[in-house]
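Now for the letters of each chain:
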Amino acid sequence: MSKCDESTYLGFDFSTQQLKAVELNSDLQILNNAAVQFDTDLPEFRTMSGVTIHKDGRTVTAPVLMWVKALDLLLDRLKIAGVDFSRVASLSGTAQQHGSVYWQKGVHQKLQSLQPNRFLHDQLRDAFSLADSPIWQDSSTTEQCQQLENAVGGPEKLAEITGSRAYERFTGSQIAKVYQTKKAVYNNTERISLISSFACSLFVGDYAPIDYADASGMNMMDLKTKEWSPQILQAVAPDVEAKLGTPVPSYTNIGPVSKFYVERFGFNPQCRVIAFTGDNPASLIGMRLKTGDIAVSLGTSDTLFLSLRQPKLILEGHILSSPIDKDGYMALLCFKNGSLTRERIRDSCVEGSWKLFNELLNSTPRGNFGNMGVYYDIQEIIPSVKGDYRVNKANVQLSKFNSKEIEVRALIEGQFLGKRAYAEDLGVSLGENTRIFATGGASNNSAILQVLADVFNSPVYTLEASNSAMLGSAYQAKYGLVRSDTSFAEMTQNLPPPVLACEPSRDANEIYAPMVERYRALIKNITNQK
Ligand SMILES: O=C(CO)[C@@H](O)[C@H](O)CF
């Protein structure tokens, strides 16, 4: 640690299942961290894996007050972990993307005058016109998606303007649904935040702006002008622009931390709050991706993303504004059925033991004797399919495999075959210099990483910590302060290089290249069956 600079930096990650934070020193080394698990630490909100799936099976929400109460808890846990808040020079954060928070009329003044002797959740109990926020697992807005695409002239046009065709979880359709089905709520709302800018607002004690990268996941911002598209605003709901505020670059220095934190936790009044962003953009920061590298995040959602110099028109997946270069971009593929699906198959095959899961995975050959499976607990994004589907080497559909080890390998190979198929559709071409960077909870599982390396026929690297989104938000906290005289590359040049976790087997491509084509045929067959 450089002797002279005792400053520290905080990064907060409001993810689907937990709220966590990390403290870094001025050399970006990890000093402390803490976490709050929503289901177990805040059982009064009765969530399952941090969310509430409604009776229709498509509406998925999370209680806003749960996130507020989690922050009260987390700050106390950070203090117990040894964080000296007076040393924090700046903080930033990240959150699950697309979710929206609806602030009640008249709350602005309360947000600016929070009392240090009371919990945040106690003071903000009545701050939200919608108690249960729609989140990224929601798929109930198909009708509103259709309306958005019709308003601009079709899916390609919407993708050209915003970086994505209409997606059910994207905020534009979600706001439109609130306006159409809960008009009183909409009319009683003075500000609409993303979960990232809502969290940032809690720290600045004011409505924080939405950043470019997370705004790219709303189907509302013009990716080129970085302004809300007037055509789309009109199609979403009346007067919505006044409720959104103006988007800002993701590294924007928003302002000082609010008095509430200075007086309640001893933060330095000079501590700056840097704009919060979405978890995938933050993960791109945390992984310090170079052009050509591919990131695979294995979390509640699985995502695949990469840096782009220029946007491109795609209909499966998303182009977002880069979180560290306002003229750069990132491509993102998101798969809803990630860790929870892996846990379901683990529980059904080996009663919850990852050790046994890995033994079964390692006991089966690459290619799984030609067996292949796709497993979608909830409506998947790409492909738009729900349910489990299995085929044998003759591509005959089976209701089940006759062994657990076949099932385990079919799950993991199927998840990665899908990622490779859609990445190649995106224009990714796997070559001898391709590096896969793995992050997220499952990136700690070497058996799973070996399958990733084999399916992509590329070496897999991991980083110091598996939570790259949280780390990335802490890097952004410092970058937002120093960027006027230090590039991001210079700021992070002394961080440990990525670690080679595993390399592809020699026969990987001859096994998996044909399986990618069989995967495409299986998906086509399933979607035709629907
Ligand atoms: O919907 C997603 C990205 O488009 C997910 O990765 C969420 O951000 C997970 F929180």
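Residues numbered from 1 in each chain as written. Predicted model: local features only at pLDDT ≥ 70, side-chain atom pairs only at ≥ 80, totals over all residues. Heavy atoms only, no water.

1. Quick look at the UniProt feature "domain: Carbohydrate kinase FGGY C-terminal" (unreviewed entry) in the protein
Okay, so step 1: Within the UniProt annotation, "domain: Carbohydrate kinase FGGY C-terminal" (unreviewed entry) is assigned to residues 295-479.
Okay, so step 2: Between the C-alpha atoms that bound residues 295-479 the distance is 21 Å, and the span itself is 37% helix and 22% strand. (UniProt positions renumbered as here; feature names shortened; annotations may be inferred. Helix = DSSP H or I, 4+ residues; strand = E, 2+ residues; numbered from the N terminus.)

2. A word on unusual backbone geometry
Okay, so step 1: The omega angle of the peptide bond from Ile 382 to Pro 383 is 5°, so this bond is cis rather than trans.
Okay, so step 2: Take Pro 383: it is sitting in the loop between strand E19 (372-376) and strand E20 (387-391).
Okay, so step 3: Of note in this structure, Lys 226 is not a glycine but carries a positive phi near 60°.
Okay, so step 4: Of the residues examined, Lys 226 reaches a relative accessible area of 10% and is grouped as buried.
Okay, so step 5: Here Asn 457, not a glycine, exhibits a phi torsion of approximately 50°, which is positive.
Okay, so step 6: By secondary structure assignment, the location of Asn 457 is in the loop between helix H18 (446-456) and strand E23 (460-462).
Okay, so step 7: Judged by its relative accessible area of 31%, Asn 457 falls in the partly exposed class. (Buried < 20%, exposed > 50% of the residue type's maximum accessible area, 1.4 Å probe, protein only.)

3. Let's talk about the pairing of E19
Okay, so step 1: Taken across its 5 residues, E19 has 5 buried, putting it largely inside the fold.
Okay, so step 2: Residues Met 372, Val 374 and Tyr 376 of E19 are buried on one face, and the alternating residues Gly 373 and Tyr 375, pointing to the opposite face, are buried as well.
Okay, so step 3: As paired elements, E19 and E20 share 5 bridges and run antiparallel to each other. In the sheet register, Met 372 faces E20, and the bridge partner there is Val 391. (Pairing = 2+ DSSP bridges.)

4. Things to note about the site of the ligand
Okay, so step 1: Surrounding the ligand, one finds Thr 16, Gln 96, Gln 97, His 98, Trp 136, Arg 169, Asp 279, Asn 280, Ser 301, Thr 303, Leu 332 and Cys 334.
Okay, so step 2: In the environment of the ligand, an oxygen atom lies 2.7 Å from a nitrogen or oxygen atom belonging to the side chain of Arg 169.
Okay, so step 3: Within the contact set of the ligand, an oxygen atom lies 2.9 Å away from a side-chain nitrogen or oxygen of Asn 280.
Okay, so step 4: Burial of the ligand by the surrounding chains reaches 99%, relative to a free accessible area of 290 Å².
Okay, so step 5: Considering only residue class, the shell around the ligand consists of 3 nonpolar, 7 polar and 2 charged.
Okay, so step 6: For the shell around the ligand, the domains that each give at least three residues are domain 1 (8-281) and domain 2 (289-462 + 498-530). (Near = heavy atom within 4 Å. Polar contact = N/O pair within 3.5 Å; in protein donor to acceptor, adjacent residues only side chain to side chain. Areas by Shrake-Rupley, 256 points an atom, 1.4 Å probe, with all protein chains shown as cover. Nonpolar A, V, L, I, M, F, W, Y, C, P; charged D, E, K, R; others polar. Domains from an automatic or database assignment.)

5. Considerations on the pattern of salt bridges
Okay, so step 1: A complete count under the given rule lists 24 salt bridges for this structure.
Okay, so step 2: When the shortest N-O distance is used, the salt bridge between Glu 44 and Lys 69 registers 2.7 Å. With Glu 44 in the loop between helix H1 (38-41) and strand E4 (52-53) and Lys 69 in helix H2 (residues 64-81), the pair connects residues that are 25 residues apart, well separated along the chain.
Okay, so step 3: Among the residues examined, Glu 44 registers a relative accessible area of 40% and is labelled partly exposed.
Okay, so step 4: In this structure, Arg 409 engages Glu 413 in a salt bridge whose closest nitrogen and oxygen atoms are separated by 2.9 Å. With Arg 409 and Glu 413 both in helix H17 (residues 404-426) and 4 residues apart, this pair spans about one turn of that helix. No difference in accessibility class separates Arg 409 from Glu 413, as the two residues are buried.
Okay, so step 5: Put simply, Arg 344, Asp 377, Asp 388, Arg 390 and Glu 407 are held in one network by salt bridges that share partners. (Salt bridge = Lys/Arg side-chain N within 4 Å of Asp/Glu carboxyl O.)

6. What to know about helix H7 (residues 171-181)
Okay, so step 1: Counting buried positions along H7 yields 8 of 11 residues, so the element is predominantly enclosed.
Okay, so step 2: Where H7 is concerned, the buried positions are Thr 171, Gly 172, Ser 173, Gln 174, Ile 175, Ala 176, Lys 177 and Val 178.

7. Structural notes on the packing of helix H5 (residues 142-152) against H7
Okay, so step 1: Interhelical geometry of H5 versus H7 gives an angle of 110° and a closest axis separation of 9 Å. As the angle between them shows, H5 and H7 are arranged roughly perpendicular. Between H5 and H7 the crossing geometry is right-handed. Contacts between H5 and H7 involve Gln 144, Cys 145, Gln 147 and Leu 148 from the former and Gly 172, Ser 173, Ala 176, Lys 177 and Gln 180 from the latter.
Okay, so step 2: Here the contact of H5 with H7 is composed, by residue class, of 3 nonpolar, 5 polar and 1 charged. (Axes fitted to C-alpha atoms, helices over the stretch in contact; angles between N-to-C directions. Parallel < 35°, antiparallel > 145°, perpendicular 65-115°, else oblique. Left-handed = near helix turned anticlockwise from the far one by under 90°. Contact = heavy atoms within 4.5 Å.)

8. What to know about the sheet that holds E20
Think of a sheet as strands paired side by side through backbone hydrogen bonds, with each pair either parallel or antiparallel.
Okay, so step 1: Reading across from one edge, E19-E20-E21 is the order of the 3 strands in this open sheet, with antiparallel pairing throughout. The open sheet has two free edges, formed respectively by E19 and strand E21 (397-398), since each of these has just one partner strand.
Okay, so step 2: When E20 meets E21, the two strands line up antiparallel, connected through 2 bridges. Within the sheet, the bridge partner assigned to Val 391 lies in E21 and is Gln 397.
Okay, so step 3: Its contacts with the sheet put helix H21 (residues 508-529) on E19, E20 and E21, and the angle it makes with E19 is roughly 50°.

9. Points about the UniProt feature "domain: Carbohydrate kinase FGGY N-terminal" (unreviewed entry) in the protein
Okay, so step 1: Those places that UniProt annotates as "domain: Carbohydrate kinase FGGY N-terminal" (unreviewed entry) correspond, in this numbering, to residues 135-286.
Okay, so step 2: Taken end to end, residues 135-286 has its terminal C-alpha atoms 23 Å apart, with 50% of it in helix and 12% in strand.

10. Quick look at the confidence of the model for the protein
Low-pLDDT stretches of the model should not have their predicted coordinates read in fine detail.
Okay, so step 1: Per-chain confidence: the protein averages 97 in pLDDT, with 99% of residues scoring 70 or above.
Okay, so step 2: Of the two predicted TM-score estimates for the complex, the pTM is 0.96 and the ipTM is 0.99. (pLDDT = per-residue confidence, 0-100.)

11. Digging into the side chain of Asp 138
Okay, so step 1: Structurally, Asp 138 is set in the loop between strand E8 (132-134) and H5.
Okay, so step 2: Although buried, Asp 138 forms no salt bridge, and the nearest oppositely charged side chain, Lys 177, lies 4.5 Å from it.
Okay, so step 3: Of note is the side chain of Asp 138, whose polar atom sits 3.0 Å from the side chain of Gln 174.
Okay, so step 4: With sequence-adjacent residues up to four places away left out, Asp 138 is seen in contact with Arg 58, Thr 59, Val 60, Glu 168, Arg 169, Gln 174, Lys 177 and Lys 336. (Lys, Arg positive; Asp, Glu negative; His and termini not counted.)

12. Quick word on the domain arrangement of the protein
Okay, so step 1: The domain boundaries assigned to the protein delineate domain 1 (8-281) and domain 2 (289-462 + 498-530).
Okay, so step 2: On a C-alpha basis, the centroid separation for the pair domain 1 and domain 2 is 28 Å.
Okay, so step 3: Contact residues are listed per partner, giving 32 residues for domain 1 and 28 residues for domain 2.
Okay, so step 4: Between domain 1 and domain 2 the total buried area reaches about 2,500 Å² when both faces are included, carbon and sulfur atoms providing 59% of it.
Okay, so step 5: For the interface between domain 1 and domain 2, the tally reads 1 salt bridge. (Buried area = accessible area lost by both parts, 1.4 Å probe.)

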